[in-house]
Amino acid sequence: MARSDDLKALALSCLDEMKAEETIAIDLAGKTSLADTMIIASGRSQRHVGSIADKFIQEMKTRGYGNARVEGMPACDWVLIDAGDVLVHIFRPEVRGFYNLEKMWGADRPLGLAAD
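Residues numbered from 1 in each chain as written. Predicted model: local features only at pLDDT ≥ 70, side-chain atom pairs only at ≥ 80, totals over all residues. Heavy atoms only, no water.

### A few points about the sheet that holds strand β2 (residues 37-42)
The strand order β1-β2-β5-β4-β3 describes an open sheet built from five strands, whose pairing is mixed. The strands lining the two open edges of the sheet, one partner per strand, are β1 (21-27) and β3 (69-71). The average angle at which neighbouring strand axes cross in this sheet is 10°, direction not considered. Relative to strand β5 (residues 86-91), strand β4 (residues 78-82) runs antiparallel, the two being bridged by five bridges. Residue isoleucine 81 lies in a different strand from β5, and its bridge partner there is valine 88. (Pairing = 2+ DSSP bridges. Helix = DSSP H or I, 4+ residues; strand = E, 2+ residues; numbered from the N terminus. Axes fitted to C-alpha atoms, helices over the stretch in contact; angles between N-to-C directions.)

Here it is, written out as structure tokens:
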């Protein structure tokens, strides 16, 4: 569990450093076997989404977490980074609104699981 918590902290740190917007962390423990945590954030543009994703991917490699599975980098409307215990979704705002993953996974409650 410590590895999962460290990876979550790294993801949140990278997202904060890269000025990702509306970042939330959803605890998936007991809800699915996909991962322990899902992090959802927005970038202001396709370039911003790609830059945020690149930063997290590079930091994972640098810190010895290895390679994550990455989907969506060519278009950068929605990038999914599957880091095993942590799933990171980075969206352009209008794409995030369309898919509304927060509602699907139950994080749409007021003052729910917003990440600082």
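There's plenty left to go through after this.
### What about the pattern of salt bridges?
Considering all chains together, one arrives at eight salt bridges under this definition. Measuring nitrogen to oxygen at the nearest pair gives 3.6 Å for the salt bridge that ties arginine 44 to glutamate 21. Of the two residues, arginine 44 sits in the loop between β2 and α2 (46-62) while glutamate 21 sits in strand β1, which places them 23 residues apart along the sequence. The residue glutamate 59 makes a salt bridge to lysine 55 at a minimum N-O spacing of 3.4 Å. Highlighted residues: glutamate 59 and lysine 55, both in helix α2, separated by four residues, approximately one helical turn. Residue class for glutamate 59 comes out buried when judged on its relative accessible area of 18%. (Salt bridge = Lys/Arg side-chain N within 4 Å of Asp/Glu carboxyl O. Buried < 20%, exposed > 50% of the residue type's maximum accessible area, 1.4 Å probe, protein only.)

### Details of the side chain of histidine 89
Its location among the elements puts histidine 89 in strand β5. Of note is the side chain of histidine 89, whose polar atom sits 3.0 Å from the side chain of tryptophan 78. (Polar contact = N/O pair within 3.5 Å; in protein donor to acceptor, adjacent residues only side chain to side chain.)

### Focus: the packing of aromatic side chains
The way to describe two aromatic rings as a pair is by their centre distance and the angle between their planes. Under the criterion given, the structure shown has three aromatic pairs. Between tryptophan 78 and tyrosine 99 the ring centres are 4.6 Å apart and the planes differ by 50°, which places this aromatic pair in the tilted class. With tryptophan 78 in strand β4 and tyrosine 99 in helix α3 (residues 93-99), this pair connects stretches of sequence that are 21 residues apart. Judged by its relative accessible area of 26%, tryptophan 78 falls in the partly exposed class. Judged by relative accessible area, which is 40%, tyrosine 99 ranks as partly exposed. Counting every residue linked through ring pairs, the aromatic cluster contains Trp78, Phe91, Phe98 and Tyr99. (Phe/Tyr/Trp six-rings, centres within 6.5 Å; stacked < 30°, edge-to-face > 60°.)

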